[in-house]
Amino acid sequence: MKSRKKRPRDEFSDLPISRQSRYRARQRRDGRCIECGAPAGKASRCLRHLTLARERERKRLGLKRRYFGSMGYRMESANQTFQ
Ligand SMILES: [Zn+2]
């Protein structure tokens, strides 16, 4: 009899949420990008995906203003020591 795929059990295993939500919850807990798994620090996504998500939301909501205090911008400016 074939054994079923084993998954690591943790606090998210028994939650009534989708597989994707669980994956994201784990990534968030581990300080990783919820889309690609790269180290993301305090943000929920890496800088690249943070920017992508931000622009996607902007398009969806039709926003005109930019909130320069938000996580993504702060990370961007922290990374740009040259320029
Ligand atoms: Zn990413």
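None of these values were measured; they are calculated from a predicted model. All chains use their own residue numbering, which begins from 1 and follows the written sequence. Whole-chain, interface and lining totals are the exception, using all residues; otherwise, since this is a predicted model, local features are given only for residues with pLDDT of at least 70 and side-chain atom pairs are given and counted only at 80 or more.

A. Molecular detail of the overall build of the protein. What the protein contains, in helices and strands, is three helices and zero strands. In this text, helices come from DSSP runs of H or I with a minimum length of four residues, and strands from runs of E with a minimum of two, each type numbered from the N-terminal end. For the protein, the α and β elements follow one another from N to C terminus as α-α-α. Here a residue counts as buried when 20 or more other C-beta atoms sit within 10 Å of its C-beta, as exposed when there are 12 or fewer, and as partly exposed otherwise, the C-beta atoms being derived from the backbone. Within the protein, buried positions represent 8% of all 83 residues. Taking the intrachain contacts of the protein between residues at least 6 apart in sequence as the baseline, contacts between residues at least 24 apart amount to 17%. Placing a C-beta atom from the backbone of each residue, one calls two residues in contact when those atoms lie within 7 Å.

B. How the structure looks around the nonpolar core. The term nonpolar core means buried Ala, Val, Leu, Ile, Met, Phe, Trp, Tyr and Cys residues held together as one set by C-beta atoms within 7 Å. Counting residues in hydrophobic clusters, the biggest one holds five residues: C33, I34, A40, C46 and L50. Residues contacting I34, with those up to four places away along its chain left out, are R24, Q27, R28, S44 and R45.

C. Spotlight on helix α2 (residues 47–61). Expected helix span is taken as 1.5 Å per residue step, with the number of steps being one fewer than the number of residues. The terminal C-alpha atoms of α2 lie 21 Å apart, and with 15 residues this matches the ideal 21 Å at 1.5 Å per residue to within 8%. One or two steps after α2, the chain reaches G62, where phi turns positive at roughly 65°.

D. Up close: the environment of F12. The topology assignment puts F12 in the segment before α1 (19–29). Between the alpha carbons of F12 and Y23 there is a distance of 8.7 Å; along the sequence they are 11 residues apart. With near-sequence residues (within four places) excluded, F12 lies in contact with R22, A25 and R26.

Keep in mind these numbers describe shape, not what the thing actually does.
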